[in-house]
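Secondary and tertiary structure notes
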Amino acid sequence: MLTGISKMAITADGWTSVCQDHYLTVTLHYVWQGKIEGKVLCTKAVYQAQTGIHVAEEIEEVLQEYRVREKVVAATVDNAANMAVALRTLAIVRIGCFAHTLNLAAQKIIKCQNISNWAARVRSVIVWMKSVNMAKVVLKEKQKLLNLPQHMMILDVKTRWNSSYLMIKRFYEQFPAIQAAVMDPRLRKQADKEKLVENLQTADMRRAEEFLYLMGVLYTSTLCISSERSPTCGQILPILKKLEKHYAIQAQDSAFTRNIKEKIWTDLSARYQDEEVQIFLEEATVMDPRFKTKIESDAIWERLRTAAVVMAITEEQEQEAQTLEEEEDQEEVEEEDYSPPAKRRKTALEELFEEEDRMSLSTVPKQARRTIREQVDLEVQIYSSLPAMLGYVR
């Protein structure tokens, strides 16, 4: 099946098992009969330092084994330096994993001093609530009393920024119940000892609200990429454009809000700036029926027209060469072995209206055959003029 596919992409990732064994997995992605397909080509153990050169050799070996090396036009990998060197060595367009890129940007604010100090105060309250047995009972009582959802508190995981977002979101949701719980006589003494009342200030509630507003779009963007079975790189530029607008600094922003916006967008704006990558992502975006209207540039459409014309001419030349070869083979067939197909006898109805049919055909004007360029221009015009499919709306 792979022999009939002209263009492919790969994802490659190095990982370590629980036994501390190192592996490299290479997965192939392609379109077959209108559907995006993916096949794991290889998961192989690696026994040498994973420098960029070594990774390039390992990927090259896998692609050569399956005879797809010349068909691979792009690769999605994480943002590790060795992967960047490997794909540069292989001369394959590198698309940094977008989910990983978003995670790295979000980690910037977690490491920011004033934001991390605030998050640590929130975390200390949640750790205490989860460690004190009576706290869970009291919290449920306050949730019922205040008509709040009876949700448990969430504690974040350092390497997953999404968990920090969900921790703050649950803290914001349960803030009134938490305040009431720590003031309850059954918990007040322990809470005072841990100085939890000092950590539950109105300012923390306000900051939590700002944090959720600012990070909500980034969280949803991460879900868009992570939850789809076959996400495409045509989503990257539209999402980045939306994030750029969301993180634009406004005059009325507080210092807390401004700090988050600067950290996030400073990191994201430096990504995908390579000219070759930009061209690749632009073309992928306009070729995605959901996002084709998100980028307005005549130059992108002209590049697509040119590529389509070249592809059509190549296919036409290959078809003509194949037809010529078949005709030459046919001429080699001996004349006595060839019997012409039997002439189909006309039906009575065809004979009855034969004259009228002949006159009708003679009056139909012959249409000039379009050139390949004209046909491509027409198809691009029809495609670009149709409204976006909005496949993300359900």
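Above this text is the structure in question.
**A look at the overall build of the chain**
- A count of helices and strands for the chain gives 16 helices and 5 strands.
- Dimensions along the principal axes, computed over C-alpha positions, put the chain at roughly 110 × 60 × 40 Å.
- Looking at the 394 residues of the chain, the share that counts as buried comes to 34%.
- Residue pairs at least 24 apart in sequence account for 62% of intrachain contacts in the chain once pairs closer than 6 positions are excluded.
- When the accessible surface of the chain is summed, it comes to about 25,400 Å², and 54% of that surface belongs to carbon and sulfur atoms.
- Looking at the chain, you have 52 positive and 58 negative side-chain charges, and the mean spots of the two groups are 17 Å apart.

**Focus on the pattern of salt bridges**
- Under the counting rule described, the total for this entry stands at 16 salt bridges.
- Two residues, Glu141 and Arg186, come together in a salt bridge whose shortest N-O distance is 2.5 Å. Here Glu141 is found in helix 5 (residues 133-145), whereas its partner Arg186 is found in helix 7 (residues 185-193), with 45 residues between them in sequence.
- Two residues, Arg271 and Asp267, come together in a salt bridge whose shortest N-O distance is 3.5 Å.
- Accessibility expressed as a relative area gives 10% for Asp267, which makes it buried.
- One salt-bridge network, held together by shared partners, links Glu141, Lys142, Asp184 and Arg186.

**A short note on a nonpolar patch on the surface**
- A cluster of nonpolar side chains, Leu349, Leu352 and Phe353, forms an exposed patch at the surface whose accessible area comes to about 330 Å².
- Inspection of the secondary structure puts Phe353 in the loop between helix 14 (348-352) and helix 15 (354-363).
- Look at Phe353 and you get partly exposed, because its relative accessible area is 39%.

**Focus on the packing of helix 1 (residues 52-65) against helix 2 (residues 81-90)**
- Where helix 1 contacts helix 2, the axes come no closer than 7 Å and their chain directions differ by 55 degrees. Between helix 1 and helix 2, the crossing angle belongs to the class labelled oblique. The crossing of helix 1 and helix 2 is right-handed. Judged by residue contacts, Gly52, Ile53, Val55, Ala56, Ile59 and Glu60 of helix 1 engage Asn82, Met83, Val85, Ala86, Thr89 and Leu90 from helix 2.
- Considered class by class, the residues forming the contact of helix 1 with helix 2 number 8 nonpolar, 3 polar and 1 charged.

**Brief notes about the sheet that holds strand 1 (residues 8-16)**
- What the 5 strands build is an open sheet, ordered 3-2-1-4-5; its pairing is mixed. Two strands in the sheet have a free side with no partner beyond their single neighbour: strand 3 (35-45) and strand 5 (93-96). On average, each strand axis in the sheet is tilted by 25 degrees relative to the strand beside it, whichever way the strands run.
- Two elements, strand 1 and strand 4 (residues 72-77), share 4 bridges in a ladder whose sense is parallel. Within the sheet, the bridge partner assigned to Met8 lies in strand 4 and is Val72.

**A word on the packing of aromatic side chains**
- In total, this model carries 7 aromatic pairs according to the counting rule given.
- Summarising the aromatic geometry, the rings of Trp15 and Tyr23 are spaced 4.8 Å apart at their centres and angled 20 degrees between planes, so their arrangement reads as stacked.
- Measuring from ring centre to ring centre gives 6.0 Å for Trp301 and Tyr383, while their planes differ by 65 degrees; the resulting arrangement is edge-to-face. Of this pair, Trp301 sits in helix 13 (residues 298-331) while Tyr383 sits in helix 16 (residues 372-385), and the two are 82 residues apart along the sequence.
- It is Lys292 that lies over the ring of Tyr383; its NZ or CZ is 4.3 Å from the centre.

**Let's talk about the packing of helix 4 (residues 113-131) against helix 6 (residues 161-182)**
- Helix 6 packs onto helix 4 with a crossing angle of 60 degrees between their chain directions and a minimal axis gap of 11 Å. One finds that helix 4 runs oblique with respect to helix 6. As helix 4 packs across helix 6, the resulting crossing turns out to be left-handed. Facing helix 4, whose interface residues are Trp118, Ala119, Val122, Arg123, Val125, Ile126, Trp128 and Met129, helix 6 presents Met167, Ile168, Phe171, Ile178, Ala181 and Val182.
- Of the residues in the contact of helix 4 with helix 6, the class split is 13 nonpolar, no polar and 1 charged.

Scoring rules and cut-offs
- Residues numbered from 1 in each chain as written.
- Predicted model: local features only at pLDDT ≥ 70, side-chain atom pairs only at ≥ 80, totals over all residues.
- Heavy atoms only, no water.
- Helix = DSSP H or I, 4+ residues; strand = E, 2+ residues; numbered from the N terminus.
- Buried < 20%, exposed > 50% of the residue type's maximum accessible area, 1.4 Å probe, protein only.
- Contact = heavy atoms within 4.5 Å.
- Areas by Shrake-Rupley, 256 points an atom, 1.4 Å probe, with all protein chains shown as cover.
- Lys, Arg positive; Asp, Glu negative; His and termini not counted.
- Charge placed at Lys NZ, Arg CZ, Asp CG, Glu CD.
- Salt bridge = Lys/Arg side-chain N within 4 Å of Asp/Glu carboxyl O.
- Patch = residues over 30% accessible without salt bridge, like charges linked within 9 Å, V, L, I, M, F, W, Y side chains within 5 Å.
- Axes fitted to C-alpha atoms, helices over the stretch in contact; angles between N-to-C directions.
- Parallel < 35°, antiparallel > 145°, perpendicular 65-115°, else oblique.
- Left-handed = near helix turned anticlockwise from the far one by under 90°.
- Nonpolar A, V, L, I, M, F, W, Y, C, P; charged D, E, K, R; others polar.
- Pairing = 2+ DSSP bridges.
- Phe/Tyr/Trp six-rings, centres within 6.5 Å; stacked < 30°, edge-to-face > 60°.
- Lys NZ or Arg CZ within 6 Å of the ring centre and 35° of its normal.

By themselves, these are just geometric observations and shouldn't be taken as functional.
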